[in-house]
Each structure stands twice: as structure tokens, then as C-alpha cells.
Amino acid sequence: KSMLSDLTVNQEKMQKATEEGFLVALDLAENLVLEKIPFRAAHNIVGNLVQLAHNSKKLLSDLELSEIESLRIKDIKSTKLFELIQKTTVSSSLKQRKSKGSAGTSEQTRMIGQRTRKLVTLKKSVKTQNDNVKKSLTFLEKRVKTLTK
């Protein structure tokens, strides 16, 4: 029996854990790149935002527009940046990730399905092997009895 079959995930605690820290910082930088901002500049912007949030003991999404404006970012309007920050969540980030083996929702679903099918196949194989061992033991037992009479 697998320990995973009895695993219970506390979704509320897991959600809270993902929101703490700055897990979406890279995703925010990538979203800035989609807004035609060079990655180096996007990286710098996000670094400044993370530093501001850290010093303010806030999440990125809790930063006020006035705090973002205080950074005097020239590459993007503060209001647009504020909107991007609000739209860049752990959920949206996981939905965007599509590459093979990534943490993206669709990829995780694909990999779980693949591994589940593999487990079913392996379980069938183990059952067949166990049945063959039992048959062999039964045959061997009978053979020993006939030889020891």
C-alpha cells in the first residue's frame, strides 16, 4: 500500500505557503518581457519590487500603487505594473507553464496520468509474478510429497 494513497493535503496551508515569499517574481519578469521590456530591465524592476516588498514586510501583491510609483520606474507605467503584479499569481503562473516536466498544471496532470498508468501495469505484472510463484510452490510441494513417500 502506498503512503500517497493515504496522503491528505491541507489546501489552505499549501496555498498560504505558496503565497509567502516571492515565488512569482520570475513569472512577473517574464510578463514584463511580454510587455516588450528587455529581460535585463525586467529583472531589475522585479528585483526592486522584491526589495521594496521585503523591506515593507509585504507580499508583492500587497504593494500599493503609491509604493510602486515611489520606485520611479521608467520602462513601464506604474499603473500597468500594478495591474501585472495583481494578475501574476501562483495559479496563473502554473497555468502558463507548459514545457515538458515543468510545474505547470497541465504538465503535472499529464505526468500523474502517465505514472498512474505505469503503476497499474506494474501492479498487474507483480500479481502475475506472485501467481506464478504460488503455482511453482504448490507444484514443488506436491513433488516433494511424492518423492518423500
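So, here's what we can say about the structure.

Parameters and conventions
- Every chain's residues receive numbers from 1 upward, in the order its sequence appears when written.
- Given that this is a predicted model, residues contribute local features only at a pLDDT of at least 70 and side-chain atom pairs are listed and counted only at 80 or more, while totals for whole chains, interfaces and linings are drawn from all residues.
- Side-chain descriptors were evaluated using all non-hydrogen atoms of the structure, hydrogens and water having been removed beforehand.
- Burial status follows relative accessibility: with a 1.4 Å probe on protein chains alone, a residue under 20% of its type maximum counts as buried, one over 50% as exposed, and anything between as partly exposed.
- For the purposes of this entry, the term helix denotes a DSSP run of H or I that reaches at least four residues, the term strand denotes a run of E that reaches at least two, and both are numbered from the N terminus.
- Residues are treated as being in contact if the distance between any of their heavy atoms lies within 4.5 Å.
- Arc, as used here, means the arc of the directions from the helix axis to the C-beta atoms.
- Whenever a carboxyl oxygen of Asp or Glu lies within 4 Å of a side-chain nitrogen of Lys or Arg, that contact is scored as a salt bridge.

## A few points about helix H2 (residues 25-34)
Listing the buried residues of H2 in full gives Ala-25, Asp-27, Leu-28, Ala-29, Asn-31 and Leu-32. The inward-facing, buried residues of H2 abut helix H3 (39-55), helix H5 (78-87) and helix H6 (90-96). Looking at the residues trailing H2, positive phi occurs at Lys-36, about 70 degrees.

## Examining H5
Each α-helix winds once per 3.6 residues, and so residues spaced three or four apart point in a common direction. All of the buried residues in H5 are Ser-78, Leu-81, Leu-84 and Ile-85. The buried side chains of H5 occupy one side of the element, clustering within an arc of 120 degrees when seen end-on. Of the surrounding elements, those touching the buried residues of H5 are H2, H3 and helix H4 (65-69).

## Here we look at unusual backbone geometry
Phi at Lys-36 takes a positive value of approximately 70 degrees, unusual for a residue other than glycine. Examined against the element boundaries, Lys-36 turns out to sit in the loop between H2 and H3. Phi at Arg-72 is positive, roughly 50 degrees, even though this residue is not glycine. In this structure, Arg-72 sits in the loop between H4 and H5.

## Quick look at the pattern of salt bridges
Considering all chains together, one arrives at six salt bridges under this definition. Its salt-bridge partner being Asp-27, residue Arg-97 comes within 2.8 Å of it at the nearest N-O pair. In this pair, Arg-97 sits in the loop between H6 and helix H7 (105-147) while Asp-27 sits in helix H2, placing the two residues 70 residues apart along the sequence. Among the residues examined, Arg-97 registers a relative accessible area of 31% and is labelled partly exposed. When the shortest N-O distance is used, the salt bridge between Glu-67 and Lys-58 registers 2.9 Å. With relative accessibility at 26%, the residue Lys-58 sits in the partly exposed group.

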